[in-house]
Amino acid sequence: TERTVTDATAKAIEQTLNLARDNGHSQAEPLHLAVILFQNDDSIGARVCTRVEGSLDVNIVRRNLQKLLLKRPAQTPAPLEAGASTALSQLLHRATKMAKANGDALVALDHLLTCLYDEKEIKQVLEESGLTKKIARATLDDLRGGRKVTSASAEEQYEALEKYGVDLVKQ
């Protein structure tokens, strides 16, 4: 089968399904994906927060998403595995359309993050934390540096200069 997502996106989807299962949820929702996209300090959500003018505290976003997650009813014993909910499947479909419209060959994490704004409760959490869709979009475009997603490892090239280069202007 032909690849439709980057390595990082495939990993995020897998982590989303695991997070749902580990929380006793039989269906992975967009909320589970949101938690994953902001989870680690090198996650796309955290990187967006640190790049925003004045820097946003990613921990506020994490706490607010976690609160929403804890409100979800859980089943005991936890399911053996979780499947994608209709809402998550629709989000992935929208992300695929967005990637195509943008001229990208594969769905990347920034497409997923942008599509989270279509989910009312997640949009509310992100906006209350200071991360509006407009700010997120502009920051993601900046992160990407105008490059198209053409390979499975595309995200690794975002910010490669900041990670591995030396900025002689800053010295």
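The model shown is predicted, which means the values in this text are computed figures rather than measured ones. (Residues numbered from 1 in each chain as written. Predicted model: local features only at pLDDT ≥ 70, side-chain atom pairs only at ≥ 80, totals over all residues. Heavy atoms only, no water.)

Q: Would you take a moment to explain the pattern of salt bridges for this structure?
A: All chains considered together, the criterion is met by 10 salt bridges. Arginine 94 is the salt-bridge partner of glutamate 119, the closest N and O atoms lying 3.0 Å from each other. Here the residue glutamate 119 occupies a position in the loop between α6 (109–115) and α7 (120–128), and arginine 94 occupies one in helix α5 (residues 86–101), the gap between them amounting to 25 residues. Here arginine 144 ties to aspartate 104 by a salt bridge, and the two come within 3.0 Å at their closest N and O atoms. Within this pair, whereas arginine 144 is found in helix α8 (residues 133–144), its partner aspartate 104 is found in the loop between α5 and α6, the two being separated by 40 residues in sequence. By sharing partners, the salt bridges in this structure join Arg94, Asp118 and Glu119 into a single network. (Salt bridge = Lys/Arg side-chain N within 4 Å of Asp/Glu carboxyl O. Helix = DSSP H or I, 4+ residues; strand = E, 2+ residues; numbered from the N terminus.)

Q: Explain the nonpolar core to me, please; I cannot follow it from the model alone.
A: Nonpolar side chains tend toward joint burial in soluble globular proteins. Membership of the largest hydrophobic core comes to 42 residues, with the highest contact counts inside it found for Leu37, Phe38, Leu65 and Leu131. Of all elements in the fold, only α1 (7–22), α2 (30–39), α3 (44–51), α4 (58–71), α5, α6, α7 and α8 reach the threshold of two or more residues within this core. Take this core: its biggest share by element is seven residues, from α2. Those residues within four positions of leucine 65 in sequence are excluded, and the remaining contacts are Leu31, Ala34, Val35, Phe38, Ile122 and Val125. (Core = buried A, V, L, I, M, F, W, Y, C linked by side-chain atoms within 4.5 Å. Buried < 20%, exposed > 50% of the residue type's maximum accessible area, 1.4 Å probe, protein only. Contact = heavy atoms within 4.5 Å.)

Q: Looking at this model, I keep getting lost on α7. Mind explaining?
A: Because an α-helix completes one turn every 3.6 residues, residues spaced three or four positions apart along the sequence face the same direction. When α7 is considered as a whole, its buried residues turn out to be Ile122, Val125 and Leu126. An end-on view of α7 places all buried positions within 95° of arc, on one side of the element. Exposed side chains of α7 directed beyond 90 degrees from the buried face belong to Lys120 and Glu128. Buried-residue contacts for α7 involve α2 and α4. Phi turns positive, to about 100°, at glycine 130, one or two residues after α7. (Arc of directions from axis to C-beta.)

Q: Even after reading the chapter, I still don't get the environment of leucine 33, so can you show me in this structure?
A: Tracing the backbone through its elements, the reader meets leucine 33 in helix α2. Once the C-alpha coordinates of leucine 33 and leucine 19 are considered, the two residues, 14 residues apart in sequence, prove to be 8.6 Å apart. Excluding anything up to four places from it in sequence, leucine 33 contacts Thr16, Leu88, Leu91, Leu112 and Leu116.

Q: Before we go on, may I ask you to explain unusual backbone geometry in this structure?
A: The bulk of non-glycine residues show a negative phi, and the bulk of peptide bonds are trans. Geometrically, the link from threonine 76 to proline 77 is a cis peptide bond, its omega value of -5° lying close to zero. In this structure, proline 77 sits in the loop between α4 and β2 (83–84).

Q: Mind showing me how you'd approach the side chain of arginine 144 here?
A: Relative accessible area serves as the criterion here: at 4%, arginine 144 is assigned to the buried category. Of the polar contacts made by the side chain of arginine 144, one reaches the side chain of histidine 111; its length is 3.3 Å. (Polar contact = N/O pair within 3.5 Å; in protein donor to acceptor, adjacent residues only side chain to side chain.)

Q: It is not clear to me how α4 should be interpreted in this structure. Could you clarify?
A: Helix length check: α4 (14 residues) gives 20 Å between terminal C-alpha atoms against 20 Å at 1.5 Å per residue, within 8%. Those residues of α4 lying buried are Val58, Val61, Arg62, Asn64, Leu65, Leu68 and Leu69. N-cap assignment for α4: the residue whose side-chain oxygen lies 2.9 Å from the backbone N of asparagine 59 is aspartate 57. (Expected span 1.5 Å × (residues − 1).)

Q: What exactly am I supposed to notice about the packing of α3 against α8 here?
A: When two helices pack together, you describe them by how their axes are tilted relative to each other and by the distance separating the axes. Between α3 and α8, whose axes approach to 10 Å, the crossing angle comes to 100°. Comparing the axis directions of α3 and α8 gives the class roughly perpendicular. Between α3 and α8, the contacting residues are Ile44, Arg47, Val48 and Arg51 on the first element and Ala136, Thr139, Leu140, Asp142 and Leu143 on the second. Residues that form the contact of α3 with α8 fall into these classes: five nonpolar, one polar and three charged. (Axes fitted to C-alpha atoms, helices over the stretch in contact; angles between N-to-C directions. Parallel < 35°, antiparallel > 145°, perpendicular 65-115°, else oblique. Nonpolar A, V, L, I, M, F, W, Y, C, P; charged D, E, K, R; others polar.)

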